[in-house]
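Chain by chain, the residues:
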Amino acid sequence: MVSFKEVVAQDISLFLNAEEFAEPLEIDGHPVTAVLDQVTDSKHPLAYAEGVSLVTHVLFVSEAELGRAPAQNQQLNIDGSRYRVDKVGEEMGMLTIYLEANVT
């Protein structure tokens, strides 16, 4: 009989499959397969910079593939773009990393 943890691991493998949902990314020089989802908060532009919007991203990546969970406020370089880690969640080996970046 297959355990629940084994089923979840299979689901993570499917979700992080480059043929299905994920894409190859480079995070701090380390190649991974992950899902990077973007949500722009254009209703709340930054008060100190007119015309600049806060862009929020959610990164889904296997903790085993990334090798570590980043810390809050840590800077990550993802495919040449810099992001600040807002918060990190971990569920059964899958990291959900909430990111912020300022764009014009």
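Residues numbered from 1 in each chain as written. Predicted model: local features only at pLDDT ≥ 70, side-chain atom pairs only at ≥ 80, totals over all residues. Heavy atoms only, no water.

A. Quick peek at the nonpolar core. Judged by nonpolar contacts, the single largest core of 15 residues is most densely connected at L59, V61, I78, I97 and L99. Where this core is concerned, the elements lending two or more residues are β1 (23–27), β2 (30–41), β3 (53–62), β4 (75–78), β5 (81–91) and β6 (94–103). No other element matches the 4 residues that β6 contributes to this core. (Core = buried A, V, L, I, M, F, W, Y, C linked by side-chain atoms within 4.5 Å. Buried < 20%, exposed > 50% of the residue type's maximum accessible area, 1.4 Å probe, protein only. Helix = DSSP H or I, 4+ residues; strand = E, 2+ residues; numbered from the N terminus.)

B. Quick look at the pairing of β4. Side-chain alternation along β4 places L76 and I78 on a buried face and Q75 and N77 on a face that remains uncovered. For β4 and β5, the ladder comprises 4 bridges, and the chain directions are antiparallel. When the bridges of β5 are listed, I78 appears paired with S81. In sequence, β4 turns back onto β5 through a hairpin of 2 residues, with D79 there showing a positive phi of about 50°. (Pairing = 2+ DSSP bridges.)

C. Examining the packing of aromatic side chains more closely. Within this structure, the stated rule accounts for 0 aromatic pairs. Positioned above the aromatic ring of Y98, the side-chain terminus of K87 is 4.9 Å from the ring centre. (Phe/Tyr/Trp six-rings, centres within 6.5 Å; stacked < 30°, edge-to-face > 60°. Lys NZ or Arg CZ within 6 Å of the ring centre and 35° of its normal.)

D. Fine view of the confidence of the model for the chain. In this model, the chain carries an average pLDDT of 81, and 73% of its residues clear a pLDDT of 70 or more. Within the chain, β4 carries the highest mean pLDDT (95), whereas helix α1 (residues 4–15) carries the lowest (68). (pLDDT = per-residue confidence, 0-100.)

E. Highlighting the pattern of salt bridges. As enumerated under the stated definition, the model contains 3 salt bridges in all. Its salt-bridge partner being R84, residue D86 comes within 3.4 Å of it at the nearest N-O pair. Ionic pairing is found between R84 and E100, a salt bridge with its closest N-O pair at 2.7 Å. Linking R84 in strand β5 with E100 in strand β6, this pair joins segments that are 16 residues apart in sequence. The class of R84 is partly exposed, set by a relative accessible area of 23%. (Salt bridge = Lys/Arg side-chain N within 4 Å of Asp/Glu carboxyl O.)

F. Representation of unusual backbone geometry within the structure. A positive phi is found at D28, a non-glycine position, where the angle reads about 50°. Position of D28 among the secondary structure elements: in the loop between β1 and β2. One non-glycine residue, D79, lies in the positive phi region at around 50°. Mapping D79 onto the fold places it in the loop between β4 and β5. You can call D79 partly exposed: its relative accessible area is 47%.

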